[in-house]
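The chain contents come next:
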Amino acid sequence: MPSSSPRQSDDAGRQLVFFGAEAAEPTVADLAGLLAGPGEVVRMGGTARLSVQVDAAWRVHVLVAELALRGLAASWEPTGDERHAVRTSYTRVLKPLAVAWLHGPAKRPPAAFHLTGRRLRLWLAAAGTPEPSGGFLLRLGEGDQECWQPIGAALAAAGLAGTLLGRGEGGPGYRITGRRRLGRLAELVGGPPRAAPADAWPTRP
């Protein structure tokens with residue numbers, strides 16, 4: 001079977017922009033982006049609740065607004081470690097997400113999981129951190145080792161192959177580096193939310 005030419009690969013990469021955050025209406029399915037990172041989902045009867053801990057107040061404002069866009073009321077409270085917990089109420093709307101991601105008590109992406117611009121935007125808003133080297137670190141859930149490899153594969157499929165960092169290296173998280181990948185990230189997630197600091201969001205080259 002003949003391999004793809006560099007030109008074909010470039011064209012495929014550009015087409016990914018059509019899956020960017022600015023090219024689609026917000027849906028509840030986008031919240032899988034939070035679960036790709038440190039977000040958690042729990043079930044209770046026929047309902048489910050989504051929660052995520054963040055390290056800055058601006059992230060709270062962005063996530064509460066994003067949840068509201070999807071018809072979900074959210075509350076937040078400070079935690080004991082200078083972080084903030086954002087969570088939805090229990091609702092039937094989130095049950096399909098919980099069914100897809102929970103295997104017993106463990107969180108694991110469904111087999112067909114992929115990262116769209118809106119999913120990446122939510123992940124970045126909750127747990128994306130710029131690095132002094134110019135890269136971006138997308139943080140993962142501390143206890144979600146079963147998720148790390150498939151999430152990395154989804155990043156690579158979106159043209160964002162990253163380096164997995166362990167806890168002792170400032171992670172867990174995937175470090176995205178390189179002008180081309182960082183440009184792709186900026187294209188996919190769209191412009192910065194109003195509440196985000198200027199240096200907290202990737203910019204298009």
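Placed above this text is the structure.
Residues numbered from 1 in each chain as written. Predicted model: local features only at pLDDT ≥ 70, side-chain atom pairs only at ≥ 80, totals over all residues. Heavy atoms only, no water.

Q: Looking at this model, I keep getting lost on the sheet that holds strand β9 (residues 163-165). Mind explaining?
A: What links the strands of a sheet is backbone hydrogen bonding, and the strands pair in either a parallel or an antiparallel sense. Spatially, four strands are ordered β7-β8-β10-β9 in an open sheet, and the strand pairing comes out antiparallel. Strands at the two margins of the open sheet, each flanked by one partner only, are β7 (128-130) and β9. Within this sheet the neighbouring strands show an average axis-to-axis angle of 30°, counted without direction. Bridging between strand β8 (residues 136-139) and strand β10 (residues 173-176) involves four bridges; their strand directions are antiparallel. Looking across to β10, one finds that Leu-138 is bridged to Tyr-174. Sitting on the sheet, helix α6 (residues 145-157) touches β8, β9 and β10, and the angle it makes with β10 is about 25°. (Pairing = 2+ DSSP bridges. Helix = DSSP H or I, 4+ residues; strand = E, 2+ residues; numbered from the N terminus. Axes fitted to C-alpha atoms, helices over the stretch in contact; angles between N-to-C directions. Contact = heavy atoms within 4.5 Å.)

Q: Help me understand the pattern of salt bridges in this model?
A: Think of it this way: side chains of opposite charge can pair up when their charged atoms draw near. Here the structure, examined in full by the defined rule, presents nine salt bridges. Among the ionic pairs, Arg-59 bridges to Asp-55, the shortest N-O distance being 2.7 Å. Residue Asp-144 pairs with Lys-107 through a salt bridge whose shortest N-O separation is 2.8 Å. Of this pair, Asp-144 sits in the loop between β8 and α6 while Lys-107 sits in strand β6 (residues 106-107), and the two are 37 residues apart along the sequence. (Salt bridge = Lys/Arg side-chain N within 4 Å of Asp/Glu carboxyl O.)

Q: What's the story with the pairing of β8 in this structure? I'm lost.
A: For a regular strand, the rule is simple: side chains alternate between the two faces of the sheet. By the bridge criterion, three bridges tie β7 to β8 in an arrangement that is antiparallel. Looking at β8, one finds that Gly-128 is bridged to Leu-138. Hairpin connection between β7 and β8: a loop of five residues separates the two successive antiparallel strands, and Gly-134 in this loop has a positive phi of roughly 105°.

Q: Sorry, what's going on with the sheet that holds strand β2 (residues 47-54) here?
A: Within the open sheet, the four strands sit side by side as β1-β2-β4-β3. Their pairing is antiparallel. For this open sheet the edge positions go to β1 (40-44) and β3 (74-78), each flanked by a neighbour on one side alone. Strand-to-strand twist in this sheet, taken as the mean axis angle between neighbours without regard to direction, amounts to 20°. Where helix α3 (residues 57-69) meets the sheet, it contacts β2, β3 and β4 (84-88), and its direction lies at approximately 5° from that of β4.

Q: Please clarify how a nonpolar patch on the surface should be interpreted in this entry.
A: On the surface, Val-42, Met-44 and Tyr-90 cluster together into a nonpolar patch covering about 250 Å² of accessible area. Locating Tyr-90 in the fold gives a position in the loop between β4 and α4 (95-101). Of the residues examined, Tyr-90 reaches a relative accessible area of 32% and is grouped as partly exposed. (Patch = residues over 30% accessible without salt bridge, like charges linked within 9 Å, V, L, I, M, F, W, Y side chains within 5 Å. Areas by Shrake-Rupley, 256 points an atom, 1.4 Å probe, with all protein chains shown as cover. Buried < 20%, exposed > 50% of the residue type's maximum accessible area, 1.4 Å probe, protein only.)

Q: Please explain the nonpolar core as it appears in this structure.
A: Across soluble globular proteins, nonpolar side chains have a tendency to be buried as a group. The biggest cluster of nonpolar side chains holds 51 residues, and the ones touching the most others in it are Leu-31, Leu-63 and Trp-123. Among the elements that take part in this core, helix α5 (residues 117-127) stands out by supplying seven residues, more than any other. Sequence-distant contacts of Leu-63, that is, excluding residues within four places in its chain, are made with Leu-34, Val-52, Val-54, Val-86, Leu-122, Ala-125 and Ala-126. (Core = buried A, V, L, I, M, F, W, Y, C linked by side-chain atoms within 4.5 Å.)

Q: What is the right way to look at the pairing of β3 in this model?
A: Looking at chain direction, β3 and β4 are connected through five bridges and run antiparallel. Looking at β4, one finds that Ala-74 is bridged to Thr-88. Counting the residues between successive antiparallel strands, the hairpin from β3 to β4 contains five residues, one of them, Glu-82, with a positive phi of roughly 60°.

Q: Help me out: how do you make sense of the environment of Asp-55 in this one?
A: Inspection of the secondary structure assignment puts Asp-55 in the loop between β2 and α3. Sequence separation of Asp-55 and Asp-81 is 26 residues, and the distance between their C-alpha atoms is 9.1 Å. Other than its neighbours up to four places away in sequence, Asp-55 contacts Glu-82 and Arg-83.

Q: Looking at this structure, how should I read the environment of Ala-98?
A: Tracing the chain through its elements places Ala-98 in helix α4. Of the residues examined, Ala-98 reaches a relative accessible area of 0% and is grouped as buried. Note: C-alpha distance between Ala-98 and Glu-40 (58 residues apart in sequence) is 9.2 Å.

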